[in-house]
Amino acid sequence: LTPGQARNLEARTNCKIIDRTQLILDIFAQHAVTKEARLQVELAQLRYLLPRLRGWGEALTRLGGGIGTRGPGETKLKLDRKKITRRIHAIKKRLEKARAERETQRARRVRGELPLIAIVGYTNSGKSTLLNRLCSADLLVEDKLFATLSTAVRRGEVTPGRPALFIDTVGFIRDLPHHLVPAFASTLEAAQEADLILHVTDAASPNRDAEHRAVRETLTAQVFTDGTVPPPILDVLNKCDLVEGESGFPGGVWISAREGTNIDRLRARIKEELDRGQERVRLFVPYSAIALFHRMVGKGEELNYVPGGMETTVTIPPALLPRLRRAGVEIISPAASPRR
């Protein structure tokens, strides 16, 4: 609803009108646990509230219980536009600091040399349950919308002796209100940084195909823009124990994260995707990244030291290239096949 439509409906009905965005914001407010998640929700609420101040008058000075009344206290703010604007600026600064901390954490993960696997999907599709299954973790699992409002990273094994970092993310929804896009910042960043994306879909949902499509459209519109090449995306159809037969999604893996069905098959597919293909490329490796390069790749071929670092030719899985780029390694060009 537009601000004017909401005011007119409230005037005619003498009731508080809740639109879809307000309802989603209220659910977010109830489930936000971490400091960053609470700040993101408050920021979204304030941005939504700001253009709706005019004409709401005394109706908004009351605090009550129930849907649509949680969040940045309307009495405390006194609906003062200037105060709300100042609060928005303050929250944005704190979120920038949180983002810088995430960048530091990602840099540490890069130095740790482990592949990053992002688990994305529609809300309530079973992402946290899958991470718990893959990593023997104990993340909160509840059968409700937006039980997870912050990314969580856990170490697990793709196959015995082959560790990886698995990232649980915030669930997507269809027609995501633009006020809420920043609340998904950490999720979108996780997808950008991942070596592999596991797209989890609720196979038992009556809206299965629409929910799957909504996630892909969000990734395309919000993450992999400006020609950015996404990492491999593996479809994971969860809750297969609640459906009969496997229809659609060729190439996907049908599992039950709760029951453990086909988890070994999923692990094998993850390994296959991470190892898929080998690319022969020529790289420039700065001195600051040489130690990491040797640990990840080895010595390389045709080694040539140049100002600032070295150039070398390597044959590696494509999944390693994003991690090398994040460490400052530059791809000079695809290399010719080695002579035989």
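Note that the coordinates shown come from a computational prediction; the quantities given were computed from them, not determined experimentally.

Q: Would you explain the nonpolar core in this entry?
A: In a soluble, globular protein the nonpolar side chains are often hidden away together inside. The biggest cluster of nonpolar side chains holds 21 residues, and the ones touching the most others in it are Ile-117, Leu-130, Phe-166, Leu-198, Leu-266 and Ile-270. Every element with two or more residues in this core is listed here: β1 (116-121), α6 (127-135), β3 (162-168), β4 (196-202), β5 (233-238) and α9 (263-275). Among all residues touching Phe-166, those that are not within four sequence positions of it are Ile-117, Ile-119, Leu-131, Leu-134, Cys-135, Ala-152, Val-153, Arg-154, Gly-156, Glu-157, Val-158 and Ile-270.

Q: What's the story with the pairing of strand β8 (residues 301-306) in this structure? I'm lost.
A: On a regular strand, each side chain points to the face opposite its neighbour's, so the side chains alternate between the two faces of the sheet. Examined bridge by bridge, β8 and strand β9 (residues 309-316) share four bridges and lie antiparallel to one another. Bridge pairing links Tyr-305 to Met-310 in β9. Between β8 and β9, which pair antiparallel one after the other, the connecting turn spans two residues, and Gly-308 there sits at a positive phi close to 90°.

Q: Teacher, can you tell me more about the pattern of salt bridges here?
A: Two side chains carrying opposite charge are able to pair once their charged atoms lie near each other. Taken as a whole and judged by the stated rule, the model has ten salt bridges. With a closest N to O distance of 2.9 Å, Arg-87 and Glu-42 form a salt bridge. One end of the pair, Arg-87, is in helix α5 (residues 81-111); the other, Glu-42, is in helix α3 (residues 35-49), with 45 residues separating them in the sequence. By relative accessible area, which is 26% here, Arg-87 ends up partly exposed. You can call Glu-42 buried: its relative accessible area is 18%.

Q: Even after reading the chapter, I still don't get the side chain of Glu-211, so can you show me in this structure?
A: Mapped onto the elements, Glu-211 comes out in helix α8 (residues 208-223). Classification of Glu-211 by relative accessible area gives buried; the value is 11%. A polar atom in the side chain of Glu-211 sits 3.1 Å from the side chain of Ser-205. Once you skip the residues sitting within four places of it in the chain, Glu-211 turns out to touch Tyr-122, Asp-202 and Ser-205.

Q: Mind showing me how you'd approach helix α1 (residues 3-13) here?
A: An α-helical segment advances 3.6 residues per turn. Residues three or four places apart therefore align on the same side. Of the residues making up α1, those classed as buried are Pro-3, Ala-6 and Glu-10. The arc that holds the buried residues of α1, viewed along the axis, is 65°, so those residues lie on one side. Projecting away from the buried face of α1 at angles above 90 degrees are the exposed residues Asn-8, Ala-11 and Arg-12. Asn-14, located one to two residues past α1, shows a positive phi value of around 55°.

Q: Explain the sheet that holds β3 to me, please; I cannot follow it from the model alone.
A: The pairing of strands in a sheet happens through backbone hydrogen bonds and is either parallel or antiparallel. Overall, mixed pairing links the six strands, which are arranged β2-β3-β1-β4-β5-β6 in an open sheet. Looking at strand neighbours, the two that pair on one side only are β2 (152-159) and β6 (253-254), the edges of this open sheet. Sheet analysis places β2 next to β3, joined by seven bridges and oriented antiparallel. Bridging from a neighbouring strand, Val-153 pairs with Ile-167 of β3. Sheet strands in contact with α9 are β1, β2, β3, β4, β5 and β6, and its direction is about 90° off that of β2.

Rules used in this analysis
- Residues numbered from 1 in each chain as written.
- Predicted model: local features only at pLDDT ≥ 70, side-chain atom pairs only at ≥ 80, totals over all residues.
- Heavy atoms only, no water.
- Core = buried A, V, L, I, M, F, W, Y, C linked by side-chain atoms within 4.5 Å.
- Buried < 20%, exposed > 50% of the residue type's maximum accessible area, 1.4 Å probe, protein only.
- Helix = DSSP H or I, 4+ residues; strand = E, 2+ residues; numbered from the N terminus.
- Contact = heavy atoms within 4.5 Å.
- Pairing = 2+ DSSP bridges.
- Salt bridge = Lys/Arg side-chain N within 4 Å of Asp/Glu carboxyl O.
- Polar contact = N/O pair within 3.5 Å; in protein donor to acceptor, adjacent residues only side chain to side chain.
- Arc of directions from axis to C-beta.
- Axes fitted to C-alpha atoms, helices over the stretch in contact; angles between N-to-C directions.

Functional significance is not addressed by these values, which are geometric in nature.
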